[in-house]
Each structure stands twice: as C-alpha cells, then as structure tokens.
Amino acid sequence: MSHAKGLIFLGPPGSGKGTQAQLLSEQLTIPHISTGEMLREAITKKTKLGKRVQYYVNKGELVPDELLLNLIRERLNQDDVQSGWILDGFPRNVSQATFLDKLLLELGKFSEQAINLEVSDNQLVKRLLLRGREDDNEETIRRRLEVYREKTKPVIDYYQQQCRLTSVDGTPPLERVTASLKEVITT
Ligand code: ADP
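On a predicted model such as this, the values are computed, not experimentally measured, just so you know. (Residues numbered from 1 in each chain as written. Predicted model: local features only at pLDDT ≥ 70, side-chain atom pairs only at ≥ 80, totals over all residues. Heavy atoms only, no water.)

**Some thoughts on the nonpolar core**
As a rule of thumb, soluble globular proteins bury nonpolar side chains together.
And then number 1: Ranked by internal contacts, the top residues of the largest apolar core, which has 32 residues, are Leu-10, Ile-72, Leu-76, Trp-85, Leu-100 and Tyr-159.
And then number 2: At 6 residues, helix H5 (residues 94-107) tops the list of elements feeding residues into this core. (Core = buried A, V, L, I, M, F, W, Y, C linked by side-chain atoms within 4.5 Å. Buried < 20%, exposed > 50% of the residue type's maximum accessible area, 1.4 Å probe, protein only. Helix = DSSP H or I, 4+ residues; strand = E, 2+ residues; numbered from the N terminus.)

**Re the packing of aromatic side chains**
And then number 1: On inspection of all chains with the given rule, the structure shows 3 aromatic pairs.
And then number 2: When the centroid spacing of 5.3 Å and the interplanar angle of 80° are considered together, the rings of Tyr-55 and Tyr-56 count as edge-to-face.
And then number 3: Ring centres of Phe-90 and Phe-99 lie 6.5 Å apart, and the angle between their planes is 80°; on these two criteria the pair is classed as edge-to-face. The pair formed by Phe-90 and Phe-99 is uniform in burial state, with each residue classed as buried. (Phe/Tyr/Trp six-rings, centres within 6.5 Å; stacked < 30°, edge-to-face > 60°.)

**Here's the deal with the packing of helix H4 (residues 65-75) against H5**
And then number 1: Remark: H4 packs on H5, axes separated minimally by 11 Å, with the N-to-C direction vectors making an angle of 25°. With respect to their mutual orientation, H4 and H5 come out roughly parallel. Here H4 runs over H5; the crossing is right-handed. Of the residues in H5, those in contact with Asp-65, Leu-68, Leu-69, Ile-72 and Arg-73 of H4 are Ser-95, Gln-96, Phe-99, Leu-100, Leu-103 and Glu-106.
And then number 2: Grouping the amino acids of the contact of H4 with H5 by side-chain chemistry returns 6 nonpolar, 2 polar and 3 charged. (Axes fitted to C-alpha atoms, helices over the stretch in contact; angles between N-to-C directions. Parallel < 35°, antiparallel > 145°, perpendicular 65-115°, else oblique. Left-handed = near helix turned anticlockwise from the far one by under 90°. Contact = heavy atoms within 4.5 Å. Nonpolar A, V, L, I, M, F, W, Y, C, P; charged D, E, K, R; others polar.)

**Here's the deal with the environment of Asp-157**
And then number 1: Along the chain, Asp-157 falls in helix H7 (residues 138-161).
And then number 2: For Asp-157, a relative accessible area of 41% gives the class partly exposed.
And then number 3: C-alpha separation for the pair Asp-157 and Val-94, spaced 63 residues apart in sequence, amounts to 9.4 Å.

**Here's the deal with the sheet that holds strand S1 (residues 4-10)**
And then number 1: Strand order in the open sheet made by the 5 strands is S2-S3-S1-S4-S5, with parallel pairing throughout. Of all the strands in the sheet, just strand S2 (32-34) and strand S5 (165-169) have a single pairing partner and so form its edges. Going across the sheet, the axis of each strand differs from the next one's by a mean of 25°, ignoring polarity.
And then number 2: In terms of strand pairing, S2 meets strand S3 (residues 84-88) through 3 bridges, oriented parallel. (Pairing = 2+ DSSP bridges.)

**Observations concerning the site of the ligand**
And then number 1: Close to the ligand lie 19 residues, the nearest being Thr-35, Arg-40, Glu-61, Gly-89 and Arg-92.
And then number 2: At 2.6 Å from an oxygen atom of the ligand is found a side-chain nitrogen or oxygen belonging to Arg-92.
And then number 3: One nitrogen or oxygen atom from the side chain of Arg-144 is found 3.1 Å from an oxygen atom belonging to the ligand.
And then number 4: Among the elements of the structure, helix H2 (35-44) and helix H3 (48-59) are those that each provide at least two residues to the shell around the ligand.
And then number 5: Among the elements that line the shell around the ligand, the one with the most residues is H2, at 4 residues.
And then number 6: Here the shell around the ligand is composed, by residue class, of 8 nonpolar, 4 polar and 7 charged. (Near = heavy atom within 4 Å. Polar contact = N/O pair within 3.5 Å; in protein donor to acceptor, adjacent residues only side chain to side chain.)

Here it is as structure tokens:
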C-alpha cells in the first residue's frame, strides 16, 4: 500500500503557517485543511456548529475538543485527501494530537510529518495587528498567544519527543520560508 503524505503545520498565531500551508497546498496539489477557516466559515454561514463556536473564536479561546474531533474525522474521510493533506490549526492541544494519532492509525494510509514555524513574539504581535482579521484585536491576540503557550506548545514537545518534528525559521521573507519548507518536507 502506498503511503500518502500528511503534513501537520504547527506554530504560533501570526507565524505564517496559514499562508505557507495555502501556498504549499497549491504547489503540491494537496488540500489545505484549516480548522480556523472551517470554523470562521461556519460562523459566517450561521450553521449549528457556527453558533456553538462563535463565542470561543471571538474570545481567542480554544473551541471544545468534541466539536473539532468530529470535524477532522469527517474531513479526513473525504475523497480529496486520499493522496495527502496539510493540516493547519489542528492539533492545538495534546489531547487533539493523541486523537489525530489514533485516527490516522485507523485510516492506516498516511505517513505524517510535523513542521514547526518559529517566529519571535515581537514579530508575531506586529504581524497580527497588521493582518486585521475580525478576531485580531489586541486583547484577543494577547489571549491567543497565551493559549498557544499553555496548550499548543506542549503539542510541539509531543512531536519532538517522538522525533517527528522539523523546525523552520518563519522570520525571513515569505518566498524564502516556502523554499525552506520544501527543503525539509520528506517524501
Ligand atoms: P491563528 O492562525 O491566529 O491561530 P486560526 O485561524 O488557526 O488562527 O484559528 C482561529 C480560532 O479558531 C482560534 O483562536 C480558536 O478559537 C479556533 N480554533 C481553530 N482551530 C482550533 C482547534 N484545533 N481547537 C480549538 N479551537 C480551534
């Protein structure tokens, strides 16, 4: 059985992982799965899920795991992901990471690589304020960075301990970061 490539993009808010994930998904022709985008779309469309998650997203808090787990399970069962995928925004805590491991084992056909985009805190705040998305005001940004440190940093340690993590400097200009990412992605 051939193994499709699954890429897990990790990094703080503002590290550029969404932009890089989108670019690479086009260049590698594999879907970009962004949980943040999926949630924002649900909010805009006022779906049942959207109504349940709006409160958390707008405050910069994590949405309860149970809602995300279903979303990811359904997404990774769709036809278009069968030759690979880039996950952006998931897993965001260790319980999501262990869930993903179990799910991928169950699906049985993916080999994954976790990539961590590193950017200093100062740069992050600057970038996020410039971006100006609806949930990008100073208070939410500060909260998202806190949540990242508390909940998502341990995910990086989780992959590191299992020697499944590659780190890339996210500070250089966009195209240079894309080039570095391509160098470290193993087939
Ligand atoms: P950023 O790149 O700034 O981290 P995202 O688009 O990835 O933003 O996520 C925006 C918001 O969506 C988060 O602040 C959080 O409320 C929610 N969210 C996204 N992914 C998850 C997840 N895996 N678990 C819980 N909440 C999530």
